[in-house]
Amino acid sequence: MRKNILAAGAVLVVAGLAFTGCSADTGGGDTGTKVLTVGMPNGPQQENQNPLATGSASLSLGYAFAVYESLMQVNEIDPTEAPTPWLAESVEWNADSTQAVITAREGVKWSDGEDFTADDIAFSIQLRKDNPELNIDFPDQYGDITVDGNQVTVNFTTGQYVNQVKLYKLLIVPEHIWADEDAVTFANTEMIGTGPFTLKTFTPQAVTLEPNEDYWGEEPKVAELRYDAFNDNAGLTTALTSGEAQWGWTFIPDYEQTFIAQDPEHYAQVAGGGFGVDVLYLNNETKPFDNVAFRQALNMVVDRGDISQTAGYGVWPEITSVTGLPQPSGDAFISEAYQGEELSVDVDGAKQVLADAGYTYDGDKLIDPDGEPVTFTLTNPSGWTDYLDALGIIAEGAASLGAEATVEPIVQDTWFNDTIPFGNFQASLHWTDGGSTPWNMYSNIMDGASYVPLGETANWNFGRYRNDEVTQALATYKAAASDEERQAALDVVQERFVEDVPGIVIWSRPAVAQYSTANYTGFPTAEDPYANPQPTGPQAALILSKLTPTE
Amino acid sequence: MKFFLRRLAFYAITFWAAVTINFFIPRIMPGDPVRALIAKNQGRISTDAEAALRVLFGLDAETSLWQQYLDYWALLLRGELGISFTYFPTPVLEVIQQALPWTVGLVGIATIISFTIGTLIGTAVGWRRGTWADSLLPISTFFSSVPYFWLALVAISIFSVTLGWFPASGSYDRSLVPAWSWEFVGSVIYYGTLPAITIVISSIAGWILGMRNMMVTVSSEDYVTVAQAKGLSERTVMLGYAARNSVLPQVSSFALSLGFIVGGTLVMEIVFSYQGIGYFLFTAVAAKDYPLMQGIFLVITLAVLLANIAADIVYGVLDPRTRQEG
C-alpha cells in the first residue's frame, strides 16, 4: 500500500544513483567505528521506550527487540520447525492448548545486575492480563497465572493452538522496575532489559544502542547499533541504496535495479516466509460472483505471474499452489490431494466451465444463465497502486472471458468504513492476518464463524462465504489435539477453497527485508533463512547474536 | 484606542470559531484511529488487537460529541492539548514543542531570506524594466511553478547523491546528540542548507514579481519624477522614493506568509526527512489522531491570527487612513 505521490520521485533519486554508477560513501564517519544502522520510515519519534504499548518509539523503530527478549525464537519461514528456547528453557502445552508451562532460563541477568527469574515472566504476562490496553494478543483469554520455582503456568480460557507463537513472542520486562509503574503510560527512559544491547542515547531522529556487557548469550559483535527514523519510504530507500542505512524493510519498486545493482556484492533483499497473502474477496452473495462457476472461471484466467511481476514489481512472490498457500512456509500443510497441483492460466478451460454452467455468448459478450451480460466492478482505495495494478490485470483476465470488468478507485476511508465491512463491493483486494499456521488465512477468507449478512459489519469473511462443513473444520483445526486431526480438517477446508473459490489469492506477502553486509554479515539469506529477516520483531535478538564484522 | 479594541473583539470571535471548527472537522472525517492503525500495518497487527487499542486510546467509552467539545475547552483553558494517539502517551504539547522549533527555524529563515533577496531583486528589475534584467522573471517563475517535491528531489539527486555536497535527509548528523555545541549547531546548519535553498528558489518568484510590479507603478508617480528632477542620485531615488513606497504591500504579505510557515512545509519535511510540524500534521491526519490534529491546527490558527494582528497594528501605525472611523 503505497499512497504516496513521492514514490515516482524516489525512482528519480535512484536514477541519480544509477547514473553515477557507484554507491555513495557511507556518511557521518560510520565506517571507522562500524556502527550498524537500522532504518525505519516512521518519522521522528517521541521519547517513549515502553516495549508493551503499541506506538512507542521503541516498538515503532524496533530497538525494543534488541533490549527486551521473548520466551522463544520462532522461524516463520519454516513453521514446523521446533521453536528455539530463548528466555524460556522450554514451553510445554497441554493437549488442547489451554495451558502452557514455561520454564525460565537460569543465569540470565537484567542489565542493572538483578537476576532474571520466573517471577518476571509471570509478572510480564500478568501485566497483559490486567491491562486490556496492552493485551493485543490474547484479549479476555488469560486464565490464572501461577509460579512454582522456575516454572510459570499460564492458563487460557480457550484453546490457543493457532496462537502458540504469540505467547513465544511476548517481550519480558523486569518486575523490580515495572511493579511500581503504570505499565500503560510508563515512558521507561532507562530501558532495563535482558537483551544483547542497552540504550545509549535517544534523539527524535536516531537512537543509539551499545552492547550489553553482561549479556547471557554470546557477546554481541556489533560495536554500536543505531536506529534512524526517516519520514517515508522514499527517504529510507535512498538511505538503503546509498549505504547510509544497512538494515531495514520497505517496498522498493524494481528492487533489483534500484537497490541491489548499486552494490551487488553487499546488498541483499530476502523474504522471510509466513502465511500473509493478499486476497481478491469476491462477494459470494451478489451477481456475478454468487455463481460458483463464474468464480472458478475467473480464478482460472487470473495471470498471477503477471500480477506478481508487474503489479508487485517482483517483490511479492507468486502463489503457485492451487490451495493458495504461500510457499515454502505452507509446504507442510498442503493436502495430499493437491500436492504439486499448480495454478495456470487456462482461458479455454474457463470457457468450458462457464458453458457447462449455462453461460452463453452474444458475440464476444458473456451472458449469464439469466440472460444478462456479465459485468462487475473491482474496487480499492485510490493511491494503493500495487492493488490497483493487480486489479487491472484481473480485469484483463475477465475480459478474455467476455466479462466486462471495470476498476474503480475510491476514497480510502469509504473503503474502510463502508465498502469492506458492509460488503458493498463485487470484488476487492484485502490482506489477511499472517498467523503461524494456515488457519488465519483460510479463516479470514471463508470462516462461517465470521459470517454476517450483507449490510452488517464483518470483521473477516468479507465475501460472505458460508459453508457449515468449512466452519466446522476450521473450528476443529483450532481445537484439535493431534496433527492428524488437524490435517484432516485442513483437507476439508482446502477442498472447499479449491472447488468453491470463495476468494482469489493473488500473491503472498512475506516479511521482506533489505540489508547490506558492508559492515556486518550473518543476516538470514535465501540459502539459510534461519529467521524472519526484519529488525522489528523478537527475532532481532537472534539475528544480532549471529552478526560478525566484515573486514 | 477604539480601533484596537474593536480589532481585539474581532480576533477573540475568530479564535472561538477556529477552535470550534478545529474540533468538529476531524470528527466529521470518516474513519477512526484504531482502524487507521490496523490498516497501516496491513496484517501485521492482528485484528484481535482492536479491542486493546480502543481502550488504550480511550475510545471505548461512549461520550457525546457535545460533552467531548466541552471537555476540549476545559483542557484548552488549562493550557493542555490532550494526549496523542500515535505517540501515546506523549502529550500533544510535547510533540508540538519538539517539532515546532525546527520548522520555524528552517522555514522562517528561508522565508526571510527569500523575502529579502526577492524584494531587492524585484526593486532592481522594476527600476530597470525593459532591460535584460526582465529575463529573471520567467526564470524565477519557472522554478516556482515546478512542483516543489520534484524540485527538491532533483536537488537531492544532484547535490546529495551525485555530487555528495549535502546530506540527503535528516535535520542533523544522526550520530550527534542535540546540545549547544559548535559541532551540533554546525551540523544543523549544514543539514538545513539544501532544504533552505530549495525553499528560497521555489518561493522567490512571488516576491520578485510583487515588488517589481509595484516598482513599475510607483516609478511613474510624480514624486519620483520630482526627485529625479531635483538631481538626486539614481540610487537614492530608487531606494528612498520608489522602493520605500512600493514595499508596503510586500510587508503585509510577508506578515501573512510568516503565519503560514507553521503549516505549509509538509512536502519539504517529507522529501528531506526533516523533523518538523508539517510531517506531524500529515501523520496525525493519516492516523486520525484527533488530539494531535487539533493541537497542530490550533497552533497554525494562532500563528495566522497573530501574524494578522501584527500586520493590523503595523498598518494602523504606518497608514493613518486605516484608523479613521467610517
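Please read all numbers here as calculations on a predicted model, not as lab measurements.

Caption draft 1: Examining the overall build of chain B more closely. Across its full length, chain B holds 13 helices and zero strands. Along chain B, helices and strands appear, N-terminal first, in the series α-α-α-α-α-α-α-α-α-α-α-α-α. Overall, the C-alpha framework of chain B stretches about 85 × 60 × 40 Å when taken along its three principal axes. Per-residue burial for chain B yields a buried fraction of 48% across its 326 residues. Summarising the internal contacts of chain B: among those between residues at least 6 apart in sequence, 73% fall at separations of at least 24. As displayed, chain B has an accessible area near 15,900 Å², and 70% of this comes from carbon and sulfur atoms. On chain B, the mean spot of the 19 positive side-chain charges and the mean spot of the 19 negative ones are 9 Å from each other.

Caption draft 2: A look at the layout of surface pockets. Residue and element names in this part refer to chain B. Here the second largest pocket is characterised by a volume of approximately 860 Å³. Taken together, 31 residues line the second largest pocket, and the ones lying closest to its centre are Arg-27, Gly-58, Leu-59, Gln-68 and Phe-85. Within the residue set of the lining of the second largest pocket, elements represented by two or more residues are helix 1 (2-28), helix 3 (49-56), helix 4 (65-77) and helix 13 (290-318). Considering every element that reaches the lining of the second largest pocket, the biggest residue donor is helix 4, with five residues.

Caption draft 3: Region of interest: the pattern of salt bridges. Residues and elements named next belong to chain A. Counted by the stated rule, this structure contains 13 salt bridges over all chains. Here Glu-218 ties to Lys-221 by a salt bridge, and the two come within 2.9 Å at their closest N and O atoms. Across the pair Asp-278 and Arg-509 runs a salt bridge, and its minimum N-O distance is 2.8 Å. One end of the pair, Asp-278, is in strand 13 (residues 277-282); the other, Arg-509, is in the loop between strand 19 (503-508) and strand 20 (512-516), with 231 residues separating them in the sequence. The buried category is assigned to Asp-278, whose relative accessible area is 0%. On the basis of relative accessible area, Arg-509 is assigned to the buried category, the value being 15%.

Caption draft 4: Layout of the nonpolar core. The biggest cluster of nonpolar side chains holds 88 residues, and the ones touching the most others in it are Phe-294 and Leu-298 of chain A. At eight residues, the largest contribution of residues to this core is made by helix 13 (residues 385-400) of chain A. Here Leu-298 of chain A is in contact with Leu-282, Phe-289, Phe-376, Ile-394, Ala-398, Leu-401 and Ile-504 of chain A, once residues within four sequence places are set aside. Leu-171, Ala-183 and Leu-542 of chain A together with Phe-85 of chain B belong to the second-largest nonpolar core, a separate cluster that totals 83 residues.

Caption draft 5: Spatial organisation of the sheet that holds strand 9 (residues 206-211) of chain A. All names here are of chain A. Strand order in the open sheet formed by seven strands is 8-9-10-1-11-20-12, and the pairing between neighbours is mixed. Two strands lie at the open edges of the sheet, namely strand 8 (197-203) and strand 12 (267-271), each paired on one side alone. As defined by bridge partners, strand 1 (residues 35-40) adjoins strand 10 (residues 224-229) across six bridges and the pair is classed as parallel. If you follow Val-35 over to strand 10, its bridge partner there is Glu-224. Packing of helix 8 (residues 233-242) onto the sheet brings it into contact with strand 1, strand 11 (247-248), strand 12 and strand 20, and relative to strand 12 it is tilted by some 125 degrees.

Caption draft 6: Quick peek at the UniProt feature "transmembrane region" (unreviewed entry) in chain B. Mapped onto this numbering, the UniProt entry annotates "transmembrane region" (unreviewed entry) at residues 7-25, 99-127, 148-168, 188-209, 254-275 and 295-318 of chain B. End-to-end, the C-alpha atoms of residues 7-25 of chain B are 26 Å apart, and along that stretch the chain is 100% helix and 0% strand.

Caption draft 7: Structural detail: a negative patch on the surface. Residues Glu-210, Glu-213, Asp-214 and Glu-219 of chain A make up a contiguous surface patch of negative charge. By secondary structure assignment, the location of Asp-214 of chain A is in the loop between strand 9 and strand 10.

Caption draft 8: Up close: the interface of chain A and chain B. Listed per partner, the contact involves 57 residues of chain A and 54 residues of chain B. Summed over both partners, the interface of chain A with chain B buries about 4,700 Å², with 59% contributed by carbon and sulfur atoms. Together, Gln-46, Gln-205 and Asn-231 of chain A form the three largest contributors to the area buried by chain A at its contact with chain B, with a combined 16%. For the pair chain A and chain B, the number of links is nine residue pairs in polar contact (both at pLDDT 80 or more).

Caption draft 9: The sheet that holds strand 17 (residues 404-410) of chain A, seen in detail. Residues and elements named next belong to chain A. Taken in spatial order, the five strands make up an open sheet running 17-16-18-13-19, and their pairing is mixed. Each having just a single partner strand, strand 17 and strand 19 make up the two edges of the open sheet. Pairs of neighbouring strands in the sheet enclose a mean axial angle of 25 degrees, with direction left out of account. Lying on the sheet, helix 13 is in contact with strand 13, strand 16 (375-381), strand 17, strand 18 (427-431) and strand 19; it crosses strand 16 at an angle near 170 degrees.

Caption draft 10: Region of the structure containing the confidence of the model for chain B. Residues and elements named next belong to chain B. Here chain B averages 83 in pLDDT, while 93% of its residues score no lower than 70. Element-level mean pLDDT values for chain B span from 73 in helix 2 (residues 33-41) up to 89 in helix 8 (residues 182-219). Our summary of model confidence lists the complex with pTM equal to 0.82 and ipTM equal to 0.75.

Caption draft 11: Spotlight on the UniProt feature "domain: Solute-binding protein family" (unreviewed entry) in chain A. When the UniProt feature table is mapped onto this chain, "domain: Solute-binding protein family" (unreviewed entry) is found at residues 83-446 of chain A. Helix makes up 27% of residues 83-446 of chain A and strand 23%. Its end C-alpha atoms lie 29 Å apart.

Caption draft 12: Broad picture of a nonpolar patch on the surface. Residues Phe-4, Ile-313 and Val-317 of chain B make up a contiguous nonpolar surface patch of roughly 240 Å² in combined accessible area. The partly exposed category is assigned to Ile-313 of chain B, whose relative accessible area is 37%.

Caption draft 13: Expanded view of empty space enclosed by the protein. If you walk through the whole model with that rule in mind, you get six cavities of 30 Å³ or more. As for the second largest cavity, its lining consists of 12 residues, and the residues nearest its centre are Ala-234, Gly-235 and Thr-238 of chain A together with Ile-156 and Val-271 of chain B. Elements that contribute at least two residues to the lining of the second largest cavity include exactly helix 8 of chain A together with helix 7 (148-162) of chain B. Among the residues making up the lining of the second largest cavity, the classes are represented as eight nonpolar, three polar and one charged.

Caption draft 14: Layout of the environment of Gly-113 of chain A. The topology assignment puts Gly-113 of chain A in the loop between strand 5 (99-104) and helix 5 (118-130). The partly exposed category is assigned to Gly-113 of chain A, whose relative accessible area is 40%.

Cut-offs used in this document
- Residues numbered from 1 in each chain as written.
- Chains lettered and ligands numbered in written order.
- Predicted model: local features only at pLDDT ≥ 70, side-chain atom pairs only at ≥ 80, totals over all residues.
- Heavy atoms only, no water.
- Helix = DSSP H or I, 4+ residues; strand = E, 2+ residues; numbered from the N terminus.
- Buried < 20%, exposed > 50% of the residue type's maximum accessible area, 1.4 Å probe, protein only.
- Contact = heavy atoms within 4.5 Å.
- Areas by Shrake-Rupley, 256 points an atom, 1.4 Å probe, with all protein chains shown as cover.
- Lys, Arg positive; Asp, Glu negative; His and termini not counted.
- Charge placed at Lys NZ, Arg CZ, Asp CG, Glu CD.
- 1 Å grid on protein atoms, 1.4 Å probe; cavity = no way out; pocket = protein on both sides within 12 Å on 5 of 7 lines; lining within 4 Å.
- Points joined across faces, edges and corners; volume = space filled by probe spheres on them.
- Salt bridge = Lys/Arg side-chain N within 4 Å of Asp/Glu carboxyl O.
- Core = buried A, V, L, I, M, F, W, Y, C linked by side-chain atoms within 4.5 Å.
- Pairing = 2+ DSSP bridges.
- Axes fitted to C-alpha atoms, helices over the stretch in contact; angles between N-to-C directions.
- UniProt positions renumbered as here; feature names shortened; annotations may be inferred.
- Patch = residues over 30% accessible without salt bridge, like charges linked within 9 Å, V, L, I, M, F, W, Y side chains within 5 Å.
- Buried area = accessible area lost by both parts, 1.4 Å probe.
- Polar contact = N/O pair within 3.5 Å; in protein donor to acceptor, adjacent residues only side chain to side chain.
- pLDDT = per-residue confidence, 0-100.
- Nonpolar A, V, L, I, M, F, W, Y, C, P; charged D, E, K, R; others polar.

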